[in-house]
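Descriptive analysis of the structure
What follows is the residue order along each chain.
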Amino acid sequence: MTDEIKTDAEHAEAMKALQAERRELMRSKTEERGLLIVNTGDGKGKSTAGFGMVARALGWGQKVGVVQYIKGKWITGERQFFRKFPDQVRYEVMGEGFTWDTQDRARDIAAAQAAWAISLEMIADPTLDLVLLDELNIALRYDYLDIDAVVAGLKARPEGKHVCVTGRNAKPELLAAADLVTEMTLVKHPFEQGVKAQRGIDF
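The paragraphs below set out a description of the structure included in this document. Treat the numbers as computed from the prediction; the structure is a model and nothing was measured. (Residues numbered from 1 in each chain as written. Predicted model: local features only at pLDDT ≥ 70, side-chain atom pairs only at ≥ 80, totals over all residues. Heavy atoms only, no water.)

**Some remarks on the overall build of the protein**
As a reminder, the rule being used: Put simply, DSSP H or I for four residues or longer makes a helix, DSSP E for two residues or longer makes a strand, and each gets a number counted from the N terminus. Only C-alpha atoms enter the radius of gyration; for comparison, a globular chain is expected to reach 2.2 Å times N to the power 0.38, where N is the number of residues.
Of regular secondary structure, the protein possesses eight helices and six strands. Starting at the N terminus, the α and β elements of the protein follow one another as α-β-α-β-α-β-α-α-β-α-α-β-α-β. Against the 2.2 N^0.38 benchmark of 17 Å for 203 residues, the protein shows a C-alpha radius of gyration of 21 Å, more extended than a compact globule. For the protein, the spread of C-alpha atoms along the principal axes amounts to about 75 × 45 × 35 Å.

Quick look at the structure:
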């Protein structure tokens, strides 16, 4: 037996063993329920990943609710795209813009509270399979909303409802309540090289 054939045969045996191991592992995973998902961290891609889940849900004919907490009237590609699916996506832009632009804490708090009320409405809506709360973590970071009340509302979601929360600096209470937490790590960013945000990539 040549070395190449021997290597192929060894690889096939190793993959066969791995396949058996994976099948056994999958047989032990039987629970199915709605998840609380948090995308956080300093790296780019938190909202992008959330909207990727929205697209995936639409691919399966599911219905989705989206609440954007911060971006305000800023026109984004995701907003323009998902509003093409009015029968499947309820899309609410509730923010007043970035906090350094509004410079009005009372106004920001009022906007966050209005957004949270809509969020609770969507979470309770039995027709929605997934709810994306984009940049909710920013509203929590600045204490525009009470973290305990938010966590209680998220925990009280219907059994089959998936909720995805995005934004950097997720609070420990939210991380503790989540089923899935992904932290985006910043390694390199074009903004640091003088490149501005660009359509189709950043918004």
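**Re the packing of aromatic side chains**
Filter applied, for reference: Stacked, tilted and edge-to-face are the three classes applied to pairs of Phe, Tyr and Trp rings, where Trp contributes its six-membered ring and a pair requires centres within 6.5 Å; stacked means planes under 30 degrees apart, edge-to-face means over 60, and tilted covers the rest. Burial classes: relative accessible area under 20% of the type maximum marks a residue as buried, over 50% as exposed, and values in between as partly exposed (1.4 Å probe, protein chains only).
According to the stated counting rule, one finds five aromatic pairs in the structure shown. Ring centres of F51 and Y91 lie 6.3 Å apart, and the angle between their planes is 10°; on these two criteria the pair is classed as stacked. With F51 in helix 2 (residues 46-59) and Y91 in strand 3 (residues 89-93), the pair connects residues that are 40 residues apart, well separated along the chain. Taking the relative accessible area as the measure of exposure, F51 reaches 6% and is therefore buried.

**A few points about the pattern of salt bridges**
Should the charged atoms of two oppositely charged side chains come close, the side chains can pair. Just so we agree on the cut-off: By convention in these notes, a salt bridge is any Lys or Arg side-chain nitrogen within 4 Å of a carboxyl oxygen on Asp or Glu.
With the rule as written, the count across this model stands at nine salt bridges. The shortest N-O distance in the salt bridge between K171 and D143 comes to 2.6 Å. With K171 in the loop between strand 5 (162-166) and helix 8 (172-177) and D143 in the loop between helix 6 (136-141) and helix 7 (147-155), this pair connects stretches of sequence that are 28 residues apart. Among the charged side chains, a salt-bridge network with shared partners connects E31, R33, R157 and D179.

**Digging into the pairing of strand 5**
Keep this limit in mind: Only when DSSP finds a minimum of two bridges between them are two strands counted as paired.
Of all five residues making up strand 5, four are buried, and the element is well covered by its neighbours. Bridging between strand 4 (residues 130-134) and strand 5 involves four bridges; their strand directions are parallel. Paired with L132 across the bridge in strand 5 is C164.

**A word on the environment of V67**
Relative to the assigned elements, V67 resides in strand 2 (residues 64-68). Relative accessible area serves as the criterion here: at 0%, V67 is assigned to the buried category. For the pair V67 and T185, spaced 118 residues apart in sequence, the C-alpha to C-alpha distance is 24 Å.

**Digging into the nonpolar core**
Selection criterion: For the purposes of this section, nonpolar cores are sets of buried Ala, Val, Leu, Ile, Met, Phe, Trp, Tyr and Cys residues that join through side-chain atoms within 4.5 Å. Whether two residues are in contact is decided by their heavy atoms: any pair within 4.5 Å suffices.
Formed by 31 residues in total, the largest nonpolar core has its most connected members in Y69, L133, L136, L145, L154 and V165. The element contributing the most residues to this core is helix 5 (residues 105-124), with six residues. Once residues lying within four places of it in the same chain are set aside, the contact partners of V165 are L36, I37, V38, N39, L133, L136, N137, L154 and L174. F51, A57, F82 and V89 belong to the second largest nonpolar core, which has 14 residues in total.

**Some points on the pairing of strand 2**
Extensive coverage of strand 2 is indicated by the burial of five of its five residues. What you see with strand 2 is no split at all: V64, V66 and Q68 on one side and G65 and V67 on the other are buried throughout. As judged from the five bridges shared by strand 2 and strand 3, these two strands associate in the parallel manner. The partner of G65 across the bridge, within strand 3, is R90. In this structure, strand 2 lies alongside strand 4, joined through five bridges in parallel fashion. Bridged to V66 within strand 4 is L132.

**Details of the layout of surface pockets**
Rules: Definitions used for this entry: grid spacing 1 Å over protein atoms alone; cavity, a set of points where a 1.4 Å probe fits but cannot get out; pocket, an open set with protein on both sides within 12 Å along at least 5 of 7 lines; lining residue, one with an atom within 4 Å of a point. Grid points are joined across faces, edges and corners, and a volume is the space filled by probe spheres set on the points. Basically, the charged four are Asp, Glu, Lys and Arg, the nonpolar ten are Ala, Val, Leu, Ile, Met, Phe, Trp, Tyr, Cys and Pro, and anything else, Gly included, counts as polar.
Empty space within the second largest pocket amounts to approximately 190 Å³. In terms of lining, the second largest pocket is formed by M53, R56, A57, W60, Q62, L130 and H162. When residues of the lining of the second largest pocket are assigned to their parent elements, the largest contribution, three residues, is made by helix 2. In the lining of the second largest pocket, the residues fall into four nonpolar, two polar and one charged.

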